[in-house]
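In case you want the letters, here they are:
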Amino acid sequence: MSAATDLSDSIGAEVTEAGPAAATAQGDGGKADDGPVKRPNKRRRADAETINYTVVTRVYRGLRWVEPYHHAFETHTKGRWVGREILDVFAVEFRSETREAYGAAIEQGRLTVNGKRVTPSTILQHNDLISNTAHRHEPPVIATAVEIVYEDANVVAVDKPSSIPVHACGRYRYNTVQSILERESGKRGLLPCHRLDRLTSGVLIFAKNADTARRVQVQIKEHQLQKVYVCRVRGSFPEEPTVCTAPIKVFSHNLGVCSVAPDGKQCETVFKLQRRFSDGTSLVRCEPKTGRMHQIRVHLQHLGFPIANDPVYNLIKKEDGTMGKPEEWTVDRAIAQATTTLAARDAAVIPVAAAANDTEGTDWRQTEYYDPQCSECQLWRPLPKPHNMLIYLHAIEYSGPDWTIQTTLPTWAEE
C-alpha cells in the first residue's frame, strides 16, 4: 500500500454525525455503489457477526468447501402471513423445498413457532417467532487465500479472490470473505466499506468500527473514492483512451442482465488499453466514475469488446464451435443464454444412487454429514471447475483524497 498519510488518519478520524453503521456499496455488480445503505437491524447485525467455529471446512480439487451443517433460520410473522396456516405460508413463500418437505419438517419438530412444535394447520399470529432448522449445503468457492494487503487501527484491506461473496447472502454463510477472515485471521466484527461482485476479484476494504465505515461512505457519496479495475477483453482494443457514457438499464434482476438503453441511468467509464495479447484479447484499464449494476461489463459489451469469459455479456460458442460476435448480443439472447445455463446446471444434478461410483461428485450418504431428511443430501452434483468460477475483472486500486490501496495483477492478466 502507498499513502500520502496513514490511512487511519485519512478515513479513521472520529465522525460525530449520525448515519449508517456500515457503508456497503457494490462494485461492478449489483446495485449502485454511490448511494446510501440501509442500516441493518440489531438482530441481523448480531447474527451476521456470529461465527460457528464448529463448522468444518476443507480444501479439495482447488476449492474451499464448507461441510453441510444445520442452521436455524428465524423470522417474525409478516403481515401477509397472519391468519394463514404455517404449511401454506412456507409452501407459497419459500420455494426452495416442496410442500411435502415442509410438512415433514413440521412433523419432525424442525419448523417451530415460539419455540414450540406445531401442526401443519397452525394459524400464524402477529409477532410469532418462526424457526426453521435446515441442513445447509454451501456452494464451494475457489481456495485462493484471502490475502491481507493493508491493516491499521481502523481498516483491513484484502485482495479478494474470485467466486467468494463479501458477506453472508443467499446460500453463502461461511464461504464468505467476512467469515473466512474471522475464522482464519481472527478479524471479528469487520464492516464492509464497499462490495465487489462475487465473480470479481481485487481490493476490498473493511472498517474495524462504525465511525470509519461512515467516513468511507461519505467519501463514496461525495465521489472522493477513485476505483481502478483491469480486465481482459475480446478483440484488439483501440490505442486511444475511450470514454463511454451510455446509460444503463436493468432488464432482469433475477438473472442479472443489464444493457445500454435510452431510458437507463446515466453513468461514465473511462477505458485505457494496457497491452494486447497474441490470442486476440486485450488488457484494459477501467475507471468507473459512477457505480451502476455491471457498469464496466455492460459498457465493454456496448463498445464491442466484452470481457473474454463473461458468462452474461459475451455470447457462448455456437454449434459450429465459433464464438458469437459482440454485435449479435441482445438482452433477449442474454436472458435465454442465462436461462439455458441454469437449466443445464440443474440437469447435471441427479439422484445420488445413480452416481454413487462417480469420483467427481459426493455421495453424502457415505459421510458423517448425511441427513436423511435433507433433500440436497439425496442428490449428486458434479464438481465445479475453478476456471469457470471467475471473471477476468479485477479491482486493482482504490484510493481516497490522500490514500491508495493496490493489489498485484492476477495471473490471467499475463500472456
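Each value, and the rule that gives it
- Residue numbering note: each chain is counted from 1, following its sequence as written.
- With the structure being a predicted model, the display of local features is reserved for residues of pLDDT at least 70 and the display and counting of side-chain atom pairs for 80 or more, all residues being used for whole-chain, interface and lining totals.
- The basis for every side-chain value is the complete set of non-hydrogen atoms in the structure, without hydrogens or water.
- A run of H or I in DSSP counts as a helix once it spans at least four residues, and a run of E counts as a strand once it spans at least two, with each numbered from the N terminus.
- With a 1.4 Å probe rolled over the protein chains alone, any residue whose accessible area is under 20% of its type maximum counts as buried; one over 50% counts as exposed, and the rest are partly exposed.
- Only strands joined by at least two bridges in the DSSP assignment are considered to pair.
- Between rings of Phe, Tyr and Trp, where Trp is taken as its six-membered ring, a pair exists when centres lie within 6.5 Å; planes separated by under 30 degrees are stacked, by over 60 edge-to-face, and by other angles tilted.
- Criterion for a charge above a ring: Lys NZ or Arg CZ within 6 Å of the ring centre, and within 35 degrees of the ring normal.
- One speaks of a salt bridge when a side-chain nitrogen belonging to Lys or Arg is within 4 Å of a carboxyl oxygen belonging to Asp or Glu.

### Description of unusual backbone geometry
Part 1 of the reasoning: We note that Asn114 has phi near 55°; this positive angle belongs to a residue other than glycine.
Part 2 of the reasoning: Locating Asn114 in the fold gives a position in the loop between strand 5 (111–113) and strand 6 (116–117).
Part 3 of the reasoning: With phi around 60°, His223 is a residue other than glycine that occupies positive phi space.
Part 4 of the reasoning: With respect to the helices, strands and loops of the structure, His223 is situated in the loop between helix 6 (210–221) and strand 13 (226–234).

### Regarding the pairing of strand 3 (residues 63–66)
Part 1 of the reasoning: Every second residue of strand 3 is oriented toward a common face, with Leu63 and Trp65 on one face and Arg64 and Val66 on the other, all of them buried.
Part 2 of the reasoning: Two strands pair when backbone bridges link them, and strand 2 (residues 57–60) and strand 3 are joined in this way by 4 bridges, in the antiparallel orientation. Within strand 3, the position partnered with Arg58 by the bridge is Trp65.
Part 3 of the reasoning: The hairpin turn running from strand 2 into strand 3, its antiparallel successor, is 2 residues long, and Arg61 in that turn takes a positive phi close to 55°.

### Observations concerning the side chain of His137
Part 1 of the reasoning: By secondary structure assignment, the location of His137 is in the loop between strand 7 (129–136) and strand 8 (141–142).
Part 2 of the reasoning: Taking relative accessible area as the criterion, His137 reaches 11% and is therefore assigned buried.

### Remarks on the packing of aromatic side chains
Part 1 of the reasoning: In total, this model carries 9 aromatic pairs according to the counting rule given.
Part 2 of the reasoning: Members of the aromatic cluster, connected to one another through ring pairs, are Trp81, Phe90, Phe94 and Tyr102.
Part 3 of the reasoning: Between the NZ or CZ atom of Lys78 and the centre of the ring of Trp81, over which it lies, the distance is 5.7 Å.
Part 4 of the reasoning: Over the face of the ring belonging to Phe277 we find Arg232, whose NZ or CZ atom lies 3.7 Å from the ring centre.

### Some points on the sheet that holds strand 8
Part 1 of the reasoning: The 3 strands lie next to each other as 2-3-8, forming an open sheet whose pairing is antiparallel. Of all strands in the sheet, those bounded by a partner on one side alone are strand 2 and strand 8.
Part 2 of the reasoning: Pairing geometry for strand 3 and strand 8, over 2 bridges, is antiparallel. Bridging across to strand 8, Leu63 finds its partner in Ile142.

### Section: the pattern of salt bridges
Part 1 of the reasoning: If you walk through the whole model with that rule in mind, you get 20 salt bridges.
Part 2 of the reasoning: Notably, a salt bridge pairs Asp197 with Arg297, separated by 3.9 Å at the nearest N-O pair. Of this pair, Asp197 sits in the loop between strand 11 (191–192) and strand 12 (201–207) while Arg297 sits in helix 7 (residues 295–303); the two residues are 100 residues apart in sequence, bridging distant segments of the chain.
Part 3 of the reasoning: Note on Asp197: relative accessible area 17%, which makes it buried.
Part 4 of the reasoning: Look at Arg297 and you get buried, because its relative accessible area is 4%.
Part 5 of the reasoning: Put simply, Arg365 and Asp363 hold a salt bridge, and the shortest N to O gap is 3.0 Å.
Part 6 of the reasoning: For Asp363, a relative accessible area of 12% puts it in the buried group.
Part 7 of the reasoning: Through salt bridges with shared partners, a single network forms among Arg80, Arg84, Asp88 and Glu93.

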